[in-house]
Amino acid sequence: MAKIQLNGKKVVIKTNYSIFDLLKKYKLSNKKIAIEHNGVIIPKTSFKKKYLKDNDKVEIVHFIGGG
Amino acid sequence: MKKDIFKVAGKSLKSRLIVGTGKYNSFSETAKAVQASGADMVTIAVRRVNILDKKKPLLTDYLDPKKIIYLPNTAGCFNSEEALRTLRLAREMGGWKLVKLEVLGDKKTLYPNMIETLKATKILVKEGFKVMVYCTDDPLLAKKLEDNGASAIMPLASPIGSGLGILNKFNISLIINQSKVPVIVDAGIGTASDATIAMELGCDGVLVNSAIAQSKKPILMAKAFKDAVISGRNSFLSGRMGKNLLAIPSSPLKGLI
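S.K.: So what exactly am I meant to see when it comes to the interface of chain B and chain A here?
M.R.: Every contact between the two is made by 32 residues of chain B and, on the other side, 28 residues of chain A. Interface area lost by chain B to chain A is led by Arg48, Ile51 and Met93 of chain B, which between them contribute 27%. At the surface where chain B touches chain A, the tally comes to two salt bridges. Arg85 of chain B is the partner of Glu36 of chain A in a salt bridge, and the nearest nitrogen-oxygen pair spans 2.5 Å. The interface formed by chain B and chain A includes twelve residue pairs in polar contact (both at pLDDT 80 or more). Going through the elements one at a time, strand S4 (41-48), helix H2 (59-62), strand S5 (69-73) and helix H3 (80-94) of chain B are the ones with two or more residues in the side of chain B that touches chain A. Residue contributions to the side of chain B that touches chain A peak at seven residues, all from H3 of chain B. The sheet contact formed by strand S5 (residues 57-65) of chain A and S4 of chain B spans five bridges and is antiparallel.

See below:
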């Protein structure tokens, strides 16, 4: 188990959980999104390689309506 | 007549109207209004995904980024770091290098912080972004932005969402006359005729969001803006008549009975 902060909320995930796994859990794998992991943007090609650990901060963003 | 194509940041647009996608009641209404406006480019914002609601509709399901040009915007950013972070994420998301930079300086007026804006413009241009920059209507700062590689200058007509129209036509004209990159009036447009005035001044384009989204009938207003921008552009290209202080009759005086 690992406690991470996802989009400002505390979330508990399994150990050895990758960003790819996280996106699958939230049904975002096929969506147009971008990921920031501890302040660093993670390219799509690294989603499977990037594992999450305790106290990691993850931001998942997407496009919404705006001016 | 030669086709009047609007070229901005390497893109060729059919419409000189760019529309924002905020403040609509639903994505379906947004999509209909965008279609009615005839715009080929829309501004969008970057925000956190709502992770608790997996079924929430997404903007991309309604406006296909393959058919319409997405212009990611940094609305809500109050310093260059926040703006840079947002636009780098936007680039990662869609692969877009074309962005709109907007660094705000004051919560009440939403006036741009031009010092931070200039700082961010320099960095973004260095990183290969094509930056369309929201700015004050100060000709000196507009020139500075152009000198630092801005792809388009986007001076405000009046404060964002105020609907007050163009408050300083003189400054907007000065900016148009000195700029070699497109000038697009952004923010403060209140109704269709404001867009016509902007185009008659010689602006290359107009960006509108609230005036369409917050009208009683957004889809009809979107159409009104489409026509207003075309009218203003044609009027500008025609070259208006001179002004006279007194009347000059329209019918010949010769042969009067």
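That shown, we press on.
S.K.: I tried to follow the pattern of salt bridges on my own but got confused; where do I start?
M.R.: Between side chains of opposite charge, a pair can form when the charged atoms approach closely. Residue and element names in this part refer to chain B. What the rule picks out here adds up to twelve salt bridges over all chains. Across the pair Asp186 and Lys100 runs a salt bridge, and its minimum N-O distance is 2.7 Å. Here Asp186, found in strand S9 (residues 184-186), pairs with Lys100, found in strand S6 (residues 98-101); they are 86 residues apart in sequence, far enough to count as distant. Note that Asp147 and Lys143 form a salt bridge whose closest N and O atoms lie 3.1 Å from each other. Within this pair, Asp147 and its partner Lys143 are both found in helix H5 (residues 139-147), separated by four residues, close to a single helical turn. We classify Lys143 as partly exposed; its relative accessible area is 29%.

S.K.: Is there a simple way to think about the environment of Lys49 of chain A in this case?
M.R.: Residue and element names in this part refer to chain A. Looking at the secondary structure, you find Lys49 in the loop between strand S4 (40-42) and S5. On the accessibility criterion, Lys49 (62% relative accessible area) is exposed. With 17 residues separating them in the primary sequence, Lys49 and Gly66 have C-alpha atoms 33 Å apart.

S.K.: Whenever I open this one, H3 of chain B confuses me. Can you help?
M.R.: Because an α-helix completes one turn every 3.6 residues, residues spaced three or four positions apart along the sequence face the same direction. Residues and elements named next belong to chain B. Along its 15 residues, H3 runs 21 Å from first to last C-alpha, staying within 8% of the 21 Å computed at 1.5 Å per residue. For H3, the capping residue at the N-terminal end is Asn79, with a side-chain oxygen 3.1 Å from the backbone nitrogen of Glu81. Once H3 finishes, Gly95 follows within two positions and takes phi at roughly 80 degrees, a positive value.

S.K.: Got a minute to help me understand the packing of helix H4 (residues 114-126) of chain B against H5 of chain B in this structure?
M.R.: The axes of two packed helices give the description: the angle between them and the distance between them. All names here are of chain B. Close contact between H4 and H5 brings their axes to 9 Å; oriented N to C, the two are set at 15 degrees. One way to sum up the angle between H4 and H5 is to call them roughly parallel. Judged by the sense of rotation from one axis to the other, the crossing of H4 with H5 is right-handed. Across the interface between the two elements, Met114, Thr117, Leu118 and Thr121 of H4 pack against Leu141, Lys144 and Leu145 of H5. Taken together, the residues of the contact of H4 with H5 break down into four nonpolar, two polar and one charged.

S.K.: In this structure, what is going on with the side chain of Ser80 of chain B? I would like to understand it.
M.R.: By the element assignment, Ser80 of chain B lies in helix H3. Ignoring any residue separated from it by four or fewer positions in sequence, one finds Ser80 of chain B in contact with Val103, Glu116, Lys119 and Ala120 of chain B.

S.K.: It is not clear to me how the nonpolar core should be interpreted in this structure. Could you clarify?
M.R.: What tends to happen in soluble globular proteins is that the nonpolar side chains get buried as a cluster. Formed by 64 residues in total, the largest nonpolar core has its most connected members in Tyr70, Leu101 and Ile153 of chain B. At six residues, H3 of chain B tops the list of elements feeding residues into this core. Ile19, Leu52, Val58 and Ile60 of chain A belong to the second largest nonpolar core, which has 20 residues in total.

S.K.: Whenever I open this one, unusual backbone geometry confuses me. Can you help?
M.R.: Glycine aside, a negative phi is what most residues show, and trans is what most peptide bonds show. Positive phi outside glycine occurs at Lys27 of chain A, with the angle close to 55 degrees. Positive phi, close to 50 degrees, is recorded for Ala9 of chain B, a residue that is not glycine. Given the relative accessible area of 15%, Ala9 of chain B is considered buried.

Conventions adopted
Residues numbered from 1 in each chain as written. Chains lettered and ligands numbered in written order. Predicted model: local features only at pLDDT ≥ 70, side-chain atom pairs only at ≥ 80, totals over all residues. Heavy atoms only, no water. Contact = heavy atoms within 4.5 Å. Buried area = accessible area lost by both parts, 1.4 Å probe. Salt bridge = Lys/Arg side-chain N within 4 Å of Asp/Glu carboxyl O. Polar contact = N/O pair within 3.5 Å; in protein donor to acceptor, adjacent residues only side chain to side chain. Helix = DSSP H or I, 4+ residues; strand = E, 2+ residues; numbered from the N terminus. Pairing = 2+ DSSP bridges. Buried < 20%, exposed > 50% of the residue type's maximum accessible area, 1.4 Å probe, protein only. Expected span 1.5 Å × (residues − 1). Axes fitted to C-alpha atoms, helices over the stretch in contact; angles between N-to-C directions. Parallel < 35°, antiparallel > 145°, perpendicular 65-115°, else oblique. Left-handed = near helix turned anticlockwise from the far one by under 90°. Nonpolar A, V, L, I, M, F, W, Y, C, P; charged D, E, K, R; others polar. Core = buried A, V, L, I, M, F, W, Y, C linked by side-chain atoms within 4.5 Å.

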